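Understanding the architecture of this molecule
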Amino acid sequence: MAAKLILSMDGLVLKEIPLTKERTTLGRKPHNDIQIDNLAISGEHSVIVTILNDSFLEDLNSTNGTYVNGQPIKKHFLQNNDVIELGKYKLKYINETPSQTTAADFEKTMVLRPDLMKKTTEQAAAKTPSMIDTQVGMKAVDTQTGLAPPSMAAAPAAAAPAQAMPTGVIQILTGANAGKELELTKNLTTLGKPGVQVAVITRRPHGYFITHVEGANYPVVNGTALDTHPRELKDHDVIELAGVKMEFFFKG
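Here's a quick rundown of the structure.

What counts as what
Residues numbered from 1 in each chain as written. Predicted model: local features only at pLDDT ≥ 70, side-chain atom pairs only at ≥ 80, totals over all residues. Heavy atoms only, no water. Pairing = 2+ DSSP bridges. Helix = DSSP H or I, 4+ residues; strand = E, 2+ residues; numbered from the N terminus. Buried < 20%, exposed > 50% of the residue type's maximum accessible area, 1.4 Å probe, protein only. Polar contact = N/O pair within 3.5 Å; in protein donor to acceptor, adjacent residues only side chain to side chain. Core = buried A, V, L, I, M, F, W, Y, C linked by side-chain atoms within 4.5 Å. Contact = heavy atoms within 4.5 Å.

A few words on the sheet that holds strand E15 (residues 197–204). One key point about sheets: their strands pair by backbone hydrogen bonds, in either a parallel or an antiparallel sense. With antiparallel pairing, four strands are arranged side by side in an open sheet as E14-E15-E16-E19. Both outer strands of the open sheet, strand E14 (188–193) and strand E19 (231–232), are each paired with one neighbouring strand and no more.

As structure tokens, this is what we get:
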């Protein structure tokens, strides 16, 4: 059952809006998906990004702000029965499908948290010292050894879907975490730096897709910036996100 918003003002329900699009805009101007013709609402006030069963609300630097449950927000991971407030209008978020993501997951920055990634082994690194900071050959370091901490090694077996699609992996190419890998075993993985640039990679039955969530600048894949639509990732695509370059590939 798709998530939906119930729009009301002064306790009077005006309409229900199903969140069927991956990007739903709210604002005063006519081009918005949800238009609220009120001077308290900015032309482009806020946006809801919906991916799988999860929705993220972001304020688009509106004049009067976006509130959830009475608290001002810049970005917010929506949960069932949350009430979004735009001026006198209220939008109640209804999503009765259990989420596999938590607000804490959304706040984490996978790119900048080395403790969340599988580290290259010292043995493999010693064999190929010149490969650690280069794009070519980096992925071979961990994938060939097959070594991982028990907690990381156990996760793919539990989270992998029944289909035979290979597991996707993100390899960090630049920055402090260069050489580290993150296996994309969850249905939804956030990447980036909150407040700067965030994208999500979703695992679907027919492949992996990257979608822009937060930030003025869109992530770049193979030198081309994303748009508002999700993009399917291909083997060895190079992603640039929050100042970090990384490579996506399928684990062989």
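This part is about the pairing of strand E2 (residues 12–18). Pairing between strand E1 (residues 4–9) and E2: six bridges, direction antiparallel. Bridge assignment links methionine 9 to a residue of E2, and that residue is leucine 12. The hairpin formed by E1 and E2 contains two residues between the paired strands, and aspartate 10 there has a positive phi angle of roughly 55°.

Moving on: the side chain of glutamate 183. Residue position: glutamate 183 is located in strand E13 (residues 181–183). In this structure glutamate 183 comes out as buried when scored by relative accessible area, which is 14%. A distance of 2.6 Å separates polar atoms of two side chains, one belonging to glutamate 183 and the other to lysine 251.

Residues Leu5, Ile36, Ile48, Leu57, Ile84, Leu86 and Leu91 are the most contacted members of the largest nonpolar core, which totals 19 residues. Elements with a contribution of two residues or more to this core: E1, strand E10 (83–86) and strand E11 (89–94). With three residues, the single largest contributor to this core is E11. Residues within four places of leucine 86 in sequence aside, it is in contact with Leu26, Ile36, Ile41, His45, Ser46, Thr66 and Leu91. Core analysis: the second largest hydrophobic core is formed by 18 residues, Ile201, Ile210, Val221 and Leu241 among them.

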